[in-house]
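Coordinate inspection notes
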Amino acid sequence: MQRSSSNSSITTNNTSNSNNQFTQSGGGAGNGSDANGERRSNFSMLEASNVNEHRSSITTSSHFNKMGTQNATKPGDVKKIVIKNFKVKPTLPENYSESTCQKLEEAVVAIQLSKPIKYILEELYQAVENMCSHKMDAQLYTKLKDLTEAHVKRNVETFTGGSMDKLVFLKKINNWWLSYCQQMIMMRSIFLYLDRTYVLQNPTVHSIWDMGLDLFRTHIALNSLVQKRTVEGLLMLIEKERNGDAVDRALLKSLIRMLCDLQIYVSAFEDKFLVATRQLYQAEGQRKMQELDVPEYLQHVEKRLNEENQRLLHYLDSSTKYPLIYTVEKELIAEHLTQILQKGLDTLLEENRLSDLTLLYSLLNRVKNGTAELCGNFNGYIKKKGRTIVIDPEKDKNMVQDLLDFKDKMDVIVRTCFEHNEKFTNSLREAFEFFINQRANKPAELIAKYVDMKLRAGNKEATEEELEQILDKIMVLFRFIHGKDVFEAFYKKDLAKRLLVGKSASVDAEKSMLSKLKQECGGGFTSKLEGMFKDMELSRDINIAFKQYVVNMDGEVTSIDLTVNILTMGYWPTYPLTEVNMPTQLVKPQQVFNKFYLAKHSGRKLQWQPTLGNCVLKARFDGGPKELLVSLFQALVLLLFNEKDNLAFEEILAATNIEDGELRRTLQSLACGRARVISKEPKGREVEDGDQFHYNNEFTNKLFRIKINQIQMKETTEEQKATEERVFQDRQYQIDAAIVRIMKMRKTLSHNLLITELFNQLTFPVKPADLKKRIESLIDRDYMERDKDNQNQYNYVA
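Presented here is an overview of the structure given in this document. (Residues numbered from 1 in each chain as written. Predicted model: local features only at pLDDT ≥ 70, side-chain atom pairs only at ≥ 80, totals over all residues. Heavy atoms only, no water.)

Neighbouring strands of a sheet are bound in pairs by backbone hydrogen bonds; such pairs are parallel or else antiparallel. Taken in spatial order, the 3 strands line up as 3-5-4 in an open sheet, and their pairing is antiparallel. If you trace the sheet from one side to the other, it starts and ends with strand 3 (646-648) and strand 4 (678-681), each paired once. In this sheet, adjacent strand axes meet at a mean angle of 25° when their direction is disregarded. In this sheet, strand 5 (residues 692-695) lies alongside strand 3 in antiparallel orientation, the contact comprising 3 bridges. Across the sheet, residue Ala648 finds its bridge partner in strand 5, namely Gln692. Of the strands in this sheet, strand 3 and strand 5 are in contact with helix 27 (residues 649-656), which crosses strand 3 at around 85°. The strands touched by helix 28 (residues 660-671) are strand 4 and strand 5; relative to strand 4, the strand with the most contacts, the crossing angle is about 110°. (Pairing = 2+ DSSP bridges. Helix = DSSP H or I, 4+ residues; strand = E, 2+ residues; numbered from the N terminus. Axes fitted to C-alpha atoms, helices over the stretch in contact; angles between N-to-C directions. Contact = heavy atoms within 4.5 Å.)

Written out as structure tokens, the structure is:
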């Protein structure tokens, strides 16, 4: 058909190869060119009888639209284009099929026997293509499969016959497998056209490569004897490697890849491998747990896990990773979890073996409940160790420092070894809170004294930054204490001494500690402490005014520089009233101050506290003048020697009226301490009745100003008991107030509910028996009463 002169065109989604031509559906020449040798349109004619008469007058597009209108069942439908291959099949000579099959068979056999092929590979490839073009592809595929199957069957006996060394067998089957794979690759390259046409057109037919694998799997790999020898050989090599022997990893990798390629890795090898692994590590775990210490055992477990990961990396299939590592972890860690912790954890913690603890945590973190068990045992160790620090009275001297060191040590372990795990942090906090309250009141008292030691002016151990860090650590211990009121009582007593004697290391440090306490416990807890600082600031202003007042006065009162601290009674600790005989030169300044102060603050009452006073005395010795920093009691004793050089104990007692025990300690500090400004006869440490004292003119010291320390009575009897008694009294008042507050709001309440409410409101530890006593006391004082019908119920009395 000649092309029309019109400019008609058509587009289609079907594309053709450059060597394909298309024919008319109604017949005609198929050479693809017109009389002038031009290339024809590659589109088939549709309905030739109709198209001829319209070709010159309408476009192809218009023609399809018209046909769509005439023939379509729905508007817009068009008839499909039919495209056919017009390539002319080559004519084959006679007996071509038989001779070609013979050639191909010879080539396949030569490949299988590793002999040279007599024919050119391109010739063989073309022969395969020609046979496939003439519908002989199925026959060709069957022939190739038969030849391959026969070759495999011939070699089965090579692996089943006789007995041979396992390693020799593995090498033999590996070599044959590698050779077989090369053969299949070579054969596939010759039969590539068959693989890309016949196989693709028949989904049920294996590719040449898969066909080769299937035959090898069916006749060799699935043979029970071959499979048994292969797997046993592989397990033997792996066991030897686990025992430390060098093995051929390349051989292992090749054979395991073979099992994976044949898709029998799991069924034939992995299951048996995991059973062998479990049995090996089960026995090894029990043996090593008996032979090794825990740190050595943990290192052994880590080594084993690394070895198994290396096997996975070098030759095992990646799918084995989870069951393999799980098996090792279960047999070496999970099964011995309790024994590892009981046998070694306390030692590791005690010796602070951070690297071993880190390893322990990382290993136990791998198994179920591992970290939970570790956390529980860690908590138990802290409670046991902490209790030994707190309970033993002989360790009271170093209790707080030991607690701080212990807390620092445990914090480092949680932070570095246990990856700052929140469970361990909470467990550490709970354990400290538990054991530190096993001994009522004493830890709170000692913590307060420790703070006093650090805040005193004599403490030169730390810089301001280090002191701040120490206070922060102290506050951590303070949070664990239940009886915070005990801490407050002792802290207030020590703070009073520091402020009154001027021993505070730093006002900034004092106020920083006060701020920390306020932030932790609220303003009510620190209100009295803040009042003490306020008193000291007001006293400074009063003393400035007093000095100006004295300057304007006439008389000898100006010869003594008097400094007075005015203390509000409710803010400061309660001090016992002591009456002593004051010399005239001290009484007169006090009277002047009384007149000055009461003139400004009418209605107030001043009560002097001689136990808190201190003086600076000027003394003359043969070696030269000195200044002595002494307490008021020490000053009263020394001033007596202005009148007489020798005095008996009884004379001093009568002249000063100082309490007997206090006087003995005072004389002891002056006659038996480092600075012996008076001498005692007879010699001795203790002051007894009848002892004689005389002024020591021969006293020498390289310093001009000398501080003579007062020998303090050990705080285990009077002062300590008095502080504890005050705390006990305060607690009773708080309990009474809480009971009345609750009953006033509820009006009527049962005993059990009242006790529960009290436990919720009170901030200090209390026993139910103590609460019951306070309830009885309030009933006796008519604040509440028992219900007449129910003795277990209380009513509020308005």
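This structure, assessed with the given rule, holds 2 cavities of 30 Å³ or more. Space inside the largest cavity adds up to approximately 60 Å³. Every residue lining the largest cavity is listed: Ile173, Phe216, Ile220, Ala221, Val226, Gln227, Thr230, Val231, Met258, Leu259 and Ile264. Listed by contribution, the elements that provide at least two residues to the lining of the largest cavity are helix 9 (208-221), helix 10 (224-242) and helix 11 (249-261). Broken down by class, the residue content of the lining of the largest cavity amounts to 9 nonpolar, 2 polar and no charged. Of the pockets and cavities examined, the second largest cavity occupies roughly 50 Å³. Looking at the second largest cavity, the residues that line it are Cys101, Leu104, Glu105, Val108, Leu140, Lys143, Leu144, Leu147 and Phe191. (1 Å grid on protein atoms, 1.4 Å probe; cavity = no way out; pocket = protein on both sides within 12 Å on 5 of 7 lines; lining within 4 Å. Points joined across faces, edges and corners; volume = space filled by probe spheres on them. Nonpolar A, V, L, I, M, F, W, Y, C, P; charged D, E, K, R; others polar.)

Under the definition given, this model contains 32 aromatic pairs. Pairwise contacts between aromatic rings join Phe159, Phe169, Trp176, Trp177, Tyr180 and Phe216 into one cluster. Taking the ring centre of Phe434 as reference, the NZ or CZ of Lys383 above it sits at 4.6 Å. Lying over the aromatic face of Tyr491, Arg498 brings its terminal NZ or CZ to 5.6 Å of the ring centre. (Phe/Tyr/Trp six-rings, centres within 6.5 Å; stacked < 30°, edge-to-face > 60°. Lys NZ or Arg CZ within 6 Å of the ring centre and 35° of its normal.)

Turning to helix 10, a few remarks are in order. Spanning 19 residues, helix 10 covers 27 Å between terminal C-alpha atoms, matching the ideal 27 Å at 1.5 Å per step. Listed in full, the buried residues belonging to helix 10 are Val226, Arg229, Thr230, Val231, Gly233, Leu234, Leu235, Leu237, Ile238, Glu241 and Arg242. For helix 10, the N-terminal capping position is held by Asn223, with its side-chain oxygen 3.0 Å away from the main-chain nitrogen of Leu225. Where helix 10 ends, the next residue or the one after it, Gly244, has phi of about 100°, a positive value. (Expected span 1.5 Å × (residues − 1). Buried < 20%, exposed > 50% of the residue type's maximum accessible area, 1.4 Å probe, protein only. Polar contact = N/O pair within 3.5 Å; in protein donor to acceptor, adjacent residues only side chain to side chain.)

In this section: the side chain of Asp691. Mapped onto the elements of the fold, Asp691 is located in the loop between strand 4 and strand 5. Engagement of the side chain of Asp691 in a polar contact is seen with the side chain of Lys680, the distance being 3.4 Å. Sequence-distant contacts of Asp691, that is, excluding residues within four places in its chain, are made with Leu647, Ala648, Phe649, Lys680, Glu681, Pro682 and Glu686.

Let's shift gears to the sheet that holds strand 7 (residues 748-750). Here we have 3 strands laid out as an open sheet, ordered 7-9-8, and antiparallel in their pairing. Each end of this open sheet is capped by a strand with a single partner; those strands are strand 7 and strand 8 (784-786). Ignoring strand direction, the axes of neighbouring strands in this sheet form an average angle of 25°. Seen against the sheet, helix 30 (residues 751-761) touches strand 7, strand 8 and strand 9 (793-796) and runs at an angle of roughly 90° to strand 7. Against the sheet, helix 31 (residues 768-780) touches strand 8 and strand 9, its axis set at about 105° to strand 8.

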